[in-house]
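Descriptive analysis of the structure
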Amino acid sequence: MGLKGKIGIALGAVVIAVAAAVGYMMFVMAPPSDLDLARSKKTAKGLYAVEIAPENPAFERNMLHGWIATVKTADGVAVEDAQITVDGGMPQHGHGLPTAPQVTAALGDGRYRIEGVRFNMSGWWEFKLHVSAAAGEDDVTFNLSL
Amino acid sequence: MSRSTSASSMVRRALSGVVFAALLVLAGCSGDEFTDAERATIASLSLDQLPPLPADPSNRVADDRLAAAFGATLFFEPRLSGHGDVSCSTCHQIDRQFQDDRPLGRGVGLTDRRTMPLAGVAWSPWQFWDGRKDSLWAQALGPLEDAREHGGNRTAYAHFITTSLKDRYERIFGPLPDLSGIPQNAGPLGNAEERAVWESISEAKRAEIDTVFANIGKSIAAFERSIRHEETRFDRFAKAIAAGETPQGDAALDESERLGLRLFIGRANCVTCHAGPRFSDEHFHNTGVPQPPELPEDSGRAAGIPKALADPFNCLSRHSDAKPEQCGELRFVAKDDHAMLRAFKTPSLRGAVSRPPYMHSGQIATIEDVIDHYAAAPRPPKGESELKPLTLSEPEKQALVAFLKMLDPRTSPVN
């Protein structure tokens, strides 16, 4: 192989290394591009169908705000007696929610008000609900991209 | 030209081309244009994106002009101290961004913490480096009774208002209590004698004195709500970017400022916490800042949360004007978050370059040293640091400083 060929391989290696580094950093920084952002999901074991919606659709980053979770059984019947706990955080930063949101009211028709939510950073947040009702205990994780 | 010379010069040329291209890619973009995501982030940092001043339902005079004027008087009043020589403005100096340029605040004595600047503090739900107060008015009461700050006591303050500022107080808050026969110096946080005297005062009278004390705080808070951030060069730049225009005049960035901005919102991850128009997420983070050996061990927010919950002047207290359901910050505080050990409040970066030293106890002397700290990501004295090591070249470090200078009103004259 001539000198030019060796130089070409060396330069190619540098370019690949740089591209890999940049790609890695972008992977670390940005939410995964295939993140499931659905706000209506089945729980992990399939016991419930849960839908979440912010009380004010125009909620802003860093403002304390509320969400409504609507819980139905797998066959679509509103669940009125659910105990729901809230957890979550930023998987890419290794920390949880900055507040401790709680269900403060059962509004009927399987709807529950969750108060005390705040997202203090932009990026990928997980919003996890643990649902306990007559059908059993189950979990669901929603992804939010802010 | 010999073959080897020509080959080596070709290698040099080719390598410098690759390095240049790599630098451009690493800077996040291959030209002067910002991506849509970068534009959105830049726009989100602009001062004109600051939401309206949040209401403080716990303070019914928060937006009362008379109370704000009264609060301004109190803020600069040295008689609100044990020896008549310390006011809020002793540490929060009006011509120095309402801070004092010292590593540790100094009132009657030396404190353990750096004095915080006051611009925009009313947008922050938690006060102090450890968030141990949940409102500006509750915050203002802390230093008044701290032996190292104002070094005064509760009854002395109520007596001072009664003798010197009675009319102005009563125009806002109604009649002062009758303090005849009440000892001059007493309070629940004073020295042993003052505490004993305080206990000897009837509970009803103590409650009346507490109300006067709380109203001092509410007035000072009303004044502090008027202390705002000023527009900077960065804001003029960001406004143009948000409007899809080319920044003109002093709003245009030079090469170093542009690189600094790209790092700030990109690879250096500064904007993760220094977010929004205040360049703060108003939250608390452990960033591995050292514990000064001469100071008591500082747990930061982990110690601040129980203090805020137990504060007799918090949003849920009887001195608060809020309904309990309006005290969301207290009701939904995460009580046992392990990440709060040695977590301290994210300070706003507006004006930060011209107010060294840095960190909660002034541990880091210069802005360059701060950038080195964040790049090095040292192990924290306790808890877990959120920092990840970062490789920055000298020009990149200088670029971050150049960008931060754009956030300083003093270096941002309006043309």
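Residues numbered from 1 in each chain as written. Chains lettered and ligands numbered in written order. Predicted model: local features only at pLDDT ≥ 70, side-chain atom pairs only at ≥ 80, totals over all residues.

**What about the overall build of chain B?**
Looking only at helices and strands, chain B has 15 helices and two strands in total. Viewed in the frame of its principal axes, chain B has a C-alpha envelope of about 105 × 45 × 40 Å. Each of the 415 residues in chain B was classed as buried or not, and the buried ones make up 47%. Once local pairs closer than 6 in sequence are excluded, the contacts in chain B between residues at least 24 apart make up 71%. (Helix = DSSP H or I, 4+ residues; strand = E, 2+ residues; numbered from the N terminus. Buried ≥ 20, exposed ≤ 12 C-beta atoms within 10 Å, placed from the backbone. Contact = placed C-beta atoms within 7 Å.)

**Remarks on the nonpolar core**
Counting 78 residues, the largest nonpolar core has V50, A69 and V71 of chain A together with F264, L400, F403 and L404 of chain B as the members making the most contacts within it. L400 of chain B has contacts with G260, L263, F264, A268 and I371 of chain B, leaving out every residue within four places of it along the chain. Grouped together as the second largest cluster of nonpolar side chains are 37 residues, A67, L144, I209 and F313 of chain B included. (Core = buried A, V, L, I, M, F, W, Y, C linked by C-beta atoms within 7 Å.)

**Looking at the packing of helix α2 (residues 36-44) of chain B against helix α10 (residues 233-242) of chain B**
All names here are of chain B. Two elements in contact, α2 and α10, have axes separated by 8 Å at closest approach and are oriented at 135 degrees. In terms of orientation, α2 lies oblique with respect to α10. As for how α2 packs across α10, the hand of that crossing is left-handed. Side by side, α2 and α10 meet where R39, I42 and A43 of the first sit next to A238, I241 and A242 of the second. Here the residues of the contact of α2 with α10 are counted per class, giving five nonpolar, no polar and one charged. (Axes fitted to C-alpha atoms, helices over the stretch in contact; angles between N-to-C directions. Parallel < 35°, antiparallel > 145°, perpendicular 65-115°, else oblique. Left-handed = near helix turned anticlockwise from the far one by under 90°. Nonpolar A, V, L, I, M, F, W, Y, C, P; charged D, E, K, R; others polar.)

**Some words on the domain arrangement of chain B**
Residue and element names in this part refer to chain B. Domain boundaries in chain B define domain 1 (26-52 + 230-411) and domain 2 (65-224). With centres defined by C-alpha atoms, the gap from domain 1 to domain 2 works out at 29 Å. Contact with domain 1, which involves 32 residues of that partner, is made by 31 residues of domain 2. Broken down by secondary-structure element, the contributors of at least two residues to the side of domain 1 that touches domain 2 are α12 (301-310), α13 (328-331) and β2 (344-345). Considering every element that reaches the side of domain 1 that touches domain 2, the biggest residue donor is α12, with five residues. The class makeup of the residues in the side of domain 1 that touches domain 2 is 13 nonpolar, nine polar and ten charged. (Domains from an automatic or database assignment.)

**Focus on the confidence of the model for chain B**
Residue and element names in this part refer to chain B. Confidence along chain B averages 92 in pLDDT terms, with 91% of residues attaining 70 or more. For the stretch residues 1-7, pLDDT sits under 50, and the model shows two contacts to residues farther than four places along the chain or on other chains. This stretch, residues 19-31, has a pLDDT under 50; its non-local contacts, to residues over four places away or in other chains, come to 15 contacts. (pLDDT = per-residue confidence, 0-100.)

**Observations regarding the packing of helix α6 (residues 154-164) of chain B against helix α9 (residues 203-224) of chain B**
Residues and elements named next belong to chain B. At their nearest, the axes of α6 and α9 sit 9 Å apart, and the two run at 75 degrees to each other. Overall, the two elements α6 and α9 adopt an arrangement that is roughly perpendicular. On α9, the residues that touch R154, T155, Y157, A158 and I161 of α6 are I209, V212, F213 and I216.

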